[in-house]
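Coordinates in review
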Amino acid sequence: EQHPEVDIFISEINLPSMNGWELSGKIKERFPLLPVILYSANPTAGKAEGRAAGKPDYMLNKPFSMTQLQNIIREVGRQRL
């Protein structure tokens, strides 16, 4: 709300005080149209079992390339038009 210029949110799933799934859920609750990308090096962290409320728009497994990230960002931009 204080930063309307934010177009996309990108976060690691494994955060110290709140996991990325919870954070994604809070963001989607307040800003349902804001695209969320979560990433993790842990392949099981991306499983969405029982986490529908915090489901991100995109998931990336680390290591990921900048090309992968750029393609997602371009796709998000096309969806908003």
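Before reading on, note that the structure itself is shown above.
Described in the following lines is the structure provided in the data block.

Calculation notes
- Position numbers for residues count from 1 along each chain, tracking the sequence in the order it is written.
- Totals for whole chains, interfaces and linings use all residues, but because this is a predicted model, local features are given only for residues with pLDDT of at least 70 and pairs of side-chain atoms are given and counted only at 80 or more.
- Side-chain numbers come from the whole structure's heavy atoms, not from hydrogens or water.
- Secondary structure counts use DSSP, requiring at least four H or I residues in a row for a helix and at least two E residues in a row for a strand, with both numbered from the N terminus.
- Throughout this description, buried means an accessible area under 20% of the type-specific maximum (1.4 Å probe, protein chains only), exposed means over 50%, and partly exposed covers the range between.
- Every residue pair with non-hydrogen atoms within 4.5 Å of one another is taken to be in contact.
- Throughout this description, the term salt bridge denotes a Lys or Arg side-chain nitrogen within 4 Å of a carboxyl oxygen of Asp or Glu.
- When DSSP locates at least two bridges between a pair of strands, those strands are taken to pair.
- Pairing of aromatic rings covers Phe, Tyr and Trp, the last through its six-membered ring, and needs centres within 6.5 Å; plane angles under 30 degrees mean stacked, over 60 mean edge-to-face, and all others mean tilted.
- Lines fitted to C-alpha atoms define the axes, with helix axes restricted to the stretch in contact, and inter-axis angles between N-to-C directions lie between 0 and 180 degrees.
- Directions from the helix axis toward the C-beta atoms define the arc.
- The term polar contact refers here to a pair of N or O atoms within 3.5 Å; inside protein, the definition further demands a hydrogen-donor-capable atom paired with an acceptor-capable atom, and it admits residues adjacent in sequence only when both atoms are side-chain atoms.

Details of the environment of Ile10
- Among the structural elements, Ile10 can be located in strand β1 (residues 9-12).
- Note on Ile10: relative accessible area 36%, which makes it partly exposed.
- In this structure, the C-alpha to C-alpha distance between Ile10 and Pro56, residues 46 residues apart in sequence, is 9.6 Å.
- Excluding residues that lie within four positions of it along the chain, Ile10 makes contacts with Ile37, Tyr39 and Leu69.

So, the pattern of salt bridges
- Following the criterion strictly, the structure yields two salt bridges and no others.
- Residues Glu12 and Lys62 are paired through a salt bridge, measuring 3.0 Å at the closest nitrogen-oxygen approach. Here Lys62 lies in the loop between β3 (58-61) and α2 (66-80) and Glu12 lies in strand β1, a separation of 50 residues in the sequence.
- When the shortest N-O distance is used, the salt bridge between Lys28 and Asp57 registers 2.7 Å. In this pair, Lys28 is assigned in helix α1 (residues 20-30) and Asp57 in the loop between β2 (36-40) and β3, connecting sequence segments 29 residues apart.

Quick notes on the pairing of β3
- Residue alternation in β3 divides its side chains into a buried set, Tyr58 and Leu60, and an unburied set, Met59 and Asn61.
- Inspection of the sheet shows β2 paired to β3 by four bridges, in the parallel sense. Residue pairing for β3: Tyr39 is matched across the bridge by Leu60.

Focus: the packing of aromatic side chains
- Tallied over the entire structure, the rule returns one aromatic pair.
- Taking 5.5 Å as the distance between ring centres and 65° as the angle between the ring planes, the aromatic pair formed by Tyr39 and Phe64 counts as edge-to-face. Taken together, the positions of Tyr39 in strand β2 and Phe64 in the loop between β3 and α2 put the pair 25 residues apart, joining distant regions of the chain.

Description of the sheet that holds β3
- Pairing in this open sheet of three strands is parallel, and the strands run β1-β2-β3 from one edge to the other. The open sheet is flanked by β1 and β3, the only strands paired with a single partner. Sheet twist, expressed as the mean angle between neighbouring strand axes with direction ignored, is 20°.

Re α1
- Listed in full, the buried residues belonging to α1 are Gly20, Trp21, Ser24, Gly25, Ile27 and Lys28. Seen from one end, α1 has its buried residues packed into an arc of 165°, which puts them on one side. Within α1, the exposed residues directed more than 90 degrees away from the buried face are Glu29 and Arg30.
- In this structure, the buried side of α1 is in contact with β1, β2 and β3.
- Of the residues flanking the start of α1, the one acting as N-cap is Asn19, its side-chain oxygen 2.8 Å from the backbone nitrogen of Trp21.

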